[in-house]
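Here are the chains, one letter per residue:
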Amino acid sequence: MTTAVPPAVGHDAGPERPLRFTVFCGSSRGWDPAYDHAARTMGGLLAAAGVEIVYGGACIGLMGVMADTALTAGGRATGVIPEVLNLPGVVHPGLTRLEVVPDMATRKARLCELADAILVLPGGLGTLEELAEVWSWAQLGLHDKPIALLNTGDYFASLLGFLRCADEAGFLTRADRDLVRVDADPARLMTEVLSSLAPAEVTPTW
Ligand code: AMP
């Protein structure tokens, strides 16, 4: 269930431009219904907070679950899809806006560019690659957008374990590890991200 939240504002977002969160998540749904539930909860929270979703634009997998929930709740969802994936049965038919770009590289750059913050939900290789890219770009100082990882059922435990090893082995600093917020609770993660964007203006009530 989604708790009502006040409209979110932050950065240059305002009445003319809603806050936008780019979401990376699976093109599959996973076996455990907890993943579906997490995507639905996140979609509902984003819509309730007045945050526009920017994502891969698909109707399949956790992407579809999240977008369906947000759109049904009156939220906005923009898809950014490369020509090669712009296919019936893949592209969500109810998107608020669709951007078709020439290739995957353009698409990933655009997904990052449009975001005020980046949320990552459970997914597979595509999600991992997207997370690694925005995380390494933050490490290089190419952007300073908040990145948040929804660790449903500790799904990302082994990835986080690897990053701990990388830190201990001297390949990653603790500060760079801490560039990404990690929480298993969607509402708490959203609260943290919204607070980091506009601490004075956003007081979530859930
Ligand atoms: P995966 O985690 O491998 O299922 O890949 C999901 C991620 O890659 C999403 O965040 C999308 O941005 C992108 N992606 C993968 N497959 C598709 C697809 N068929 N349509 C749109 N985006 C996709």
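Figured I'd write up the structure that's included with this text. (Residues numbered from 1 in each chain as written. Predicted model: local features only at pLDDT ≥ 70, side-chain atom pairs only at ≥ 80, totals over all residues. Heavy atoms only, no water.)

Let's talk about the overall build of the chain
Argument step 1. Summing up its helical and strand segments, the chain has 7 helices and 7 strands in all.
Argument step 2. Starting at the N terminus, the α and β elements of the chain follow one another as β-α-β-α-β-β-α-β-α-β-α-α-β-α.
Argument step 3. Out of the 206 residues belonging to the chain, those deemed buried represent 52%.
Argument step 4. Here the chain displays about 9,700 Å² of accessible surface, and carbon together with sulfur accounts for 58% of that area. (Helix = DSSP H or I, 4+ residues; strand = E, 2+ residues; numbered from the N terminus. Buried < 20%, exposed > 50% of the residue type's maximum accessible area, 1.4 Å probe, protein only. Areas by Shrake-Rupley, 256 points an atom, 1.4 Å probe, with all protein chains shown as cover.)

Considerations on the site of the ligand
Argument step 1. In the vicinity of the ligand, 17 residues are found, and the nearest of them are S27, G124, G126, T127 and E130.
Argument step 2. Measuring from an oxygen atom of the ligand, one finds a side-chain N or O atom of S27 at 2.6 Å.
Argument step 3. When the free accessible area of the ligand is taken as 490 Å², the share hidden by the protein chains comes to 86%.
Argument step 4. Class assignment of the residues belonging to the shell around the ligand gives a composition of 8 nonpolar, 7 polar and 2 charged. (Near = heavy atom within 4 Å. Polar contact = N/O pair within 3.5 Å; in protein donor to acceptor, adjacent residues only side chain to side chain. Nonpolar A, V, L, I, M, F, W, Y, C, P; charged D, E, K, R; others polar.)

Topic: the pattern of salt bridges
Argument step 1. Counting across every chain of the model gives 13 salt bridges.
Argument step 2. The residue D36 makes a salt bridge to R40 at a minimum N-O spacing of 3.2 Å. Remark: R40 and D36 occur in helix α1 (residues 33–48); sequence separation between them is 4 residues, near one turn of the helix.
Argument step 3. E99 is the partner of R97 in a salt bridge, and the nearest nitrogen-oxygen pair spans 3.1 Å. (Salt bridge = Lys/Arg side-chain N within 4 Å of Asp/Glu carboxyl O.)

Comments concerning the nonpolar core
Argument step 1. Of all hydrophobic cores here, the largest spans 38 residues; its most connected members are F21, M42, L46, L119 and M190.
Argument step 2. Among the secondary structure elements, those contributing two or more residues to this core are β1 (20–24), α1, β2 (52–55), α2 (61–72), β3 (77–82), β5 (117–120), β6 (147–150) and α7 (186–197).
Argument step 3. The leading source of residues in this core is α1, at 7 residues.
Argument step 4. Ignoring any residue separated from it by four or fewer positions in sequence, one finds F21 in contact with L46, V51, E52, I53, V54, A117, L119, M190, V193, L194 and L197.
Argument step 5. With 23 residues, the next largest nonpolar core counts V101, I147, F156 and L159 among its residues. (Core = buried A, V, L, I, M, F, W, Y, C linked by side-chain atoms within 4.5 Å. Contact = heavy atoms within 4.5 Å.)

Observations regarding the packing of aromatic side chains
Argument step 1. According to the stated counting rule, one finds 2 aromatic pairs in the structure shown.
Argument step 2. For the pair Y35 and Y155, a centre-to-centre distance of 5.6 Å together with 70° between the ring planes defines the contact as edge-to-face. On the criterion of sequence distance, the pair formed by Y35 in helix α1 and Y155 in the loop between β6 and α5 (157–168) is long-range, its members being 120 residues apart.
Argument step 3. Judged by relative accessible area, which is 17%, Y35 ranks as buried.
Argument step 4. We classify Y155 as partly exposed; its relative accessible area is 34%.
Argument step 5. Their ring planes at 80° and their centres at 4.9 Å tell us that Y155 and F156 sit as a pair that is edge-to-face.
Argument step 6. Here the aromatic cluster, defined as three or more aromatic residues joined through ring pairs, consists of Y35, Y155 and F156. (Phe/Tyr/Trp six-rings, centres within 6.5 Å; stacked < 30°, edge-to-face > 60°.)

Details of unusual backbone geometry
Argument step 1. Notably, D154 is not glycine yet its phi reads approximately 60°, a positive angle.
Argument step 2. Position of D154 relative to the elements: it lies in the loop between β6 and α5.

Some points on the environment of D36
Argument step 1. On the accessibility criterion, D36 (10% relative accessible area) is buried.
Argument step 2. Spatially, the C-alpha atoms of D36 and G64 are 9.9 Å apart, while their sequence positions differ by 28 residues.
Argument step 3. Aside from chain neighbours lying at most four places away, what touches D36 is R29, L62 and V65.

Some thoughts on the side chain of D176
Argument step 1. Following the sequence through the fold, D176 ends up in helix α6 (residues 174–177).
Argument step 2. Buried charge without a salt bridge: D176, with R177 as the nearest opposite-charge side chain at an N-O distance of 10 Å. (Lys, Arg positive; Asp, Glu negative; His and termini not counted.)

Concerning the environment of A48
Argument step 1. Structurally, A48 can be placed in helix α1.
Argument step 2. Judged by its relative accessible area of 30%, A48 is partly exposed.
Argument step 3. On a C-alpha basis, the gap between A48 and G75 in space is 7.3 Å, while along the polypeptide they are 27 residues apart.

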